[in-house]
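Here is how the chains run, residue by residue.
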Amino acid sequence: MRYRRLGRWGLKVSEVTLGTWLTHGGAADGDTATTCTRRAYELGVNMFDTANIYPRGNEGAAERVLGAALSVFRRETYVVGTKVYAFMGDGPLERGLSRKHIMAQIDHSLRRLGMDHVDLYQCHRYDVETPLDETARTMNDLVVQGKILYWGVSQWSEEQLEQAVALCQANGWAPPVSNQPRYSALWRECEPRVLPACERLGMGVLAYSPLDHGVLTGKYQPGSSAPAGSRAATASHARLFDQFFDDDLLGAVQRFRELAEQAGYTAAQLALAWCLRQPTVSSVVVGASSLPQLEENAAAGVLDVEPELVDAATKILDPVRVT
Ligand SMILES: NC(=O)c1ccc[n+]([C@@H]2O[C@H](COP(=O)([O-])OP(=O)(O)OC[C@H]3O[C@@H](n4cnc5c(N)ncnc54)[C@H](OP(=O)(O)O)[C@@H]3O)[C@@H](O)[C@H]2O)c1
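My aim in this report is to walk through the structure given alongside it, one point at a time. (Residues numbered from 1 in each chain as written. Predicted model: local features only at pLDDT ≥ 70, side-chain atom pairs only at ≥ 80, totals over all residues. Heavy atoms only, no water.)

## What about the overall build of the protein?
Now for step 1: Regarding its fold elements, the protein presents ten helices and ten strands.
Now for step 2: The C-alpha atoms of the protein give a radius of gyration of 19 Å, which matches the 20 Å a tight globule of 323 residues would have.
Now for step 3: Looking at the protein as a whole, 57% of its 323 residues are labelled buried.
Now for step 4: By sequence separation, contacts in the protein at least 24 residues apart represent 77% of the contacts at least 6 residues apart.
Now for step 5: Summed over its atoms, the accessible surface of the protein is roughly 13400 Å², and 49% of this surface lies on carbon and sulfur atoms.
Now for step 6: Averaged over its 32 positive side-chain charges, the protein has a centre that lies 4 Å from the centre of its 38 negative ones. (Helix = DSSP H or I, 4+ residues; strand = E, 2+ residues; numbered from the N terminus. Rg over C-alpha atoms; globule rule 2.2 N^0.38 Å. Buried < 20%, exposed > 50% of the residue type's maximum accessible area, 1.4 Å probe, protein only. Contact = heavy atoms within 4.5 Å. Areas by Shrake-Rupley, 256 points an atom, 1.4 Å probe, with all protein chains shown as cover. Lys, Arg positive; Asp, Glu negative; His and termini not counted. Charge placed at Lys NZ, Arg CZ, Asp CG, Glu CD.)

Listed below in structure tokens is the structure:
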């Protein structure tokens, strides 16, 4: 496994991060999620991503499963990122980035994870109803208390990133060290402005859904129904695929898959290598609902995919990209 610094910071994370969104406490049964987590660690994955809200409907279960799976390893050898912001109840205090909500949620997350600190505490979205200085000061206080080591954000705009870093610098507070945008060869929204801002600010980039929920593995064929057991075949998740289930797009993904296989890789591996071609990307945050998927994806952190192949992949997918 290769490792990259999280932006300008000293924290070195594996190029492949294991995510837990719909798998841990959700689509993957407890044994599978535990086996995948421990195998990932054995393969050199040292970064694990979760959130208080995962998976929706069984909130907190992902943190519980992840924490138990990792408890057999030495705490100083892996990095756990979790998140706060999403609604955890119906009341006005049970969502967002207020000091009140963050202080309550960090304790719940620590208890579920069975840990005394979170390595990377991420603001899941920007909260327009809370002043940025309230959130940033609270995060700094958590760093000082030792409950978190670093804080980061997810899906923040370049203006929001710049304001947060400037505010922390002006006040001597610990600044956010990372952003977690959605990023893949079909979802390039963050490329023109957010990625350059992260680079300028020295922030790490954790690219989430790099396989577009599995679309970039090539398992969804034009004109065919989704394979049984896949995420798209799960009624509650089908809407995630609305923008991808188009014959031109799925046909291009089949050509992308052929390109990968001719070179000796799988489509998933080429899709992950495509994101990692950007030095600004610290790690790809990828999900796996079975051990073979996990092993296939983790291998992306050891393969040396030629830049020409990545360019050829871009030529195939660029005309059908969603953003
Ligand atoms: N910050 C945020 O707002 C945010 C949002 C979403 C996700 N995330 C993070 O990013 C992580 C990954 O997101 P994601 O699960 O949407 O994205 P993904 O990695 O693009 O998709 C993962 C899914 O694709 C399928 N898959 C993965 N590898 C495969 C392989 N080698 N062969 C065939 N199918 C494969 C599996 O689904 P099936 O087997 O069920 O088809 C798997 O659960 C999450 O777990 C979470 O930690 C963050």
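So, next bit.
## Re unusual backbone geometry
Now for step 1: Residue proline 55 follows tyrosine 54 across a cis peptide bond; omega there is -20 degrees.
Now for step 2: Here proline 55 is to be found in the loop between strand S4 (47-49) and helix H2 (61-70).
Now for step 3: In the Ramachandran plot, aspartate 212 falls in the positive-phi region, its phi being about 50 degrees despite a non-glycine side chain.
Now for step 4: On the secondary structure map, aspartate 212 appears in the loop between strand S9 (204-208) and helix H7 (247-262).
Now for step 5: Overall, the relative accessible area of 0% leaves aspartate 212 in the buried class.

## Remarks on the packing of helix H5 (residues 158-171) against helix H6 (residues 194-201)
Now for step 1: Put simply, H5 and H6 touch, their axes get as near as 9 Å, and they point 15 degrees apart. Judged by the angle between their axes, H5 and H6 are roughly parallel. The handedness of the crossing between H5 and H6 comes out as right-handed. Across from Glu158, Leu161, Glu162 and Val165 in H5, the residues of H6 making contact are Val194, Ala197, Cys198, Arg200 and Leu201. (Axes fitted to C-alpha atoms, helices over the stretch in contact; angles between N-to-C directions. Parallel < 35°, antiparallel > 145°, perpendicular 65-115°, else oblique. Left-handed = near helix turned anticlockwise from the far one by under 90°.)

## Observations concerning the packing of aromatic side chains
Now for step 1: Overall, the coordinates contain nine aromatic pairs when judged by the stated rule.
Now for step 2: Ring centres of tyrosine 41 and phenylalanine 73 lie 3.7 Å apart, and the angle between their planes is 15 degrees; on these two criteria the pair is classed as stacked. Residue tyrosine 41 is found in helix H1 (residues 30-42), and its partner phenylalanine 73 is found in the loop between H2 and strand S5 (79-84); the two are separated by 32 residues along the sequence. Here the two residues tyrosine 41 and phenylalanine 73 agree in accessibility, since each one is buried.
Now for step 3: Aromatic ring contacts, followed pair by pair, group Tyr41, Phe48, Phe73 and Tyr78 into a single cluster.
Now for step 4: Residue placement shows arginine 182 over the ring face of tryptophan 187; its charged tip is 3.9 Å from the ring centre.
Now for step 5: The cationic tip of arginine 277 hangs over the ring face of tryptophan 274; the distance from NZ or CZ to the ring centre is 3.7 Å. (Phe/Tyr/Trp six-rings, centres within 6.5 Å; stacked < 30°, edge-to-face > 60°. Lys NZ or Arg CZ within 6 Å of the ring centre and 35° of its normal.)

## Considerations on the sheet that holds strand S10 (residues 281-286)
Now for step 1: With parallel pairing, the eight strands of this closed barrel are ordered in space as S3-S4-S5-S6-S7-S8-S9-S10. The sheet shows a mean angle of 30 degrees between the axes of neighbouring strands, taken without regard to direction.
Now for step 2: Where strand S8 (residues 178-180) and S9 come together, two bridges link them in parallel fashion. When the sheet's bridge partners are listed, asparagine 179 is paired in S9 with valine 205. (Pairing = 2+ DSSP bridges.)

## Let's talk about the layout of surface pockets
Now for step 1: Its boundaries defined by the atoms lining it, the largest pocket holds a volume of some 1300 Å³.
Now for step 2: Lining the largest pocket are 48 residues, with Trp21, Leu22, His213, Arg231 and Leu240 sitting closest to its centre.
Now for step 3: Elements represented by at least two residues in the lining of the largest pocket include exactly S10 and helix H9 (291-298).
Now for step 4: When residues in the lining of the largest pocket are grouped by element, the largest group, three residues, is from H9. (1 Å grid on protein atoms, 1.4 Å probe; cavity = no way out; pocket = protein on both sides within 12 Å on 5 of 7 lines; lining within 4 Å. Points joined across faces, edges and corners; volume = space filled by probe spheres on them.)

## Focus: the packing of H7 against helix H8 (residues 267-276)
Between two packed helices, what matters for the description is the angle formed by their axes and the separation of those axes.
Now for step 1: Where H7 contacts H8, the axes come no closer than 8 Å and their chain directions differ by 95 degrees. Accordingly, the angle class assigned to the pair H7 and H8 is roughly perpendicular. Residues Phe256, Arg257, Leu259 and Ala260 of H7 touch H8, and the partners they reach there are Ala267, Leu270 and Ala271.
Now for step 2: Considering only residue class, the contact of H7 with H8 consists of six nonpolar, no polar and one charged. (Nonpolar A, V, L, I, M, F, W, Y, C, P; charged D, E, K, R; others polar.)

## Concerning the side chain of serine 230
Now for step 1: Among the secondary structure elements, serine 230 is positioned in the loop between S9 and H7.
Now for step 2: Setting aside residues up to four positions removed in sequence, serine 230 forms contacts with Lys219 and Tyr220.

## So, the pairing of strand S6 (residues 118-123)
Now for step 1: The buried fraction of S6 is high, at six of six residues.
Now for step 2: Where S5 lies against S6, four bridges are found, and the strand directions are parallel. Note that in S6 the partner of threonine 82 across the bridge is tyrosine 121.
Now for step 3: Taken together, S5, helix H3 (residues 99-113) and S6 constitute a β-α-β crossover, and its handedness is right-handed.
Now for step 4: Bridge count for S6 against strand S7 (residues 148-154) is five bridges, and the pairing is parallel. By the bridge assignment, valine 118 is partnered in S7 with isoleucine 148. (Right-handed = clockwise from strand over helix to strand, strands pointing away.)

Any functional reading would require information beyond the geometric quantities listed.
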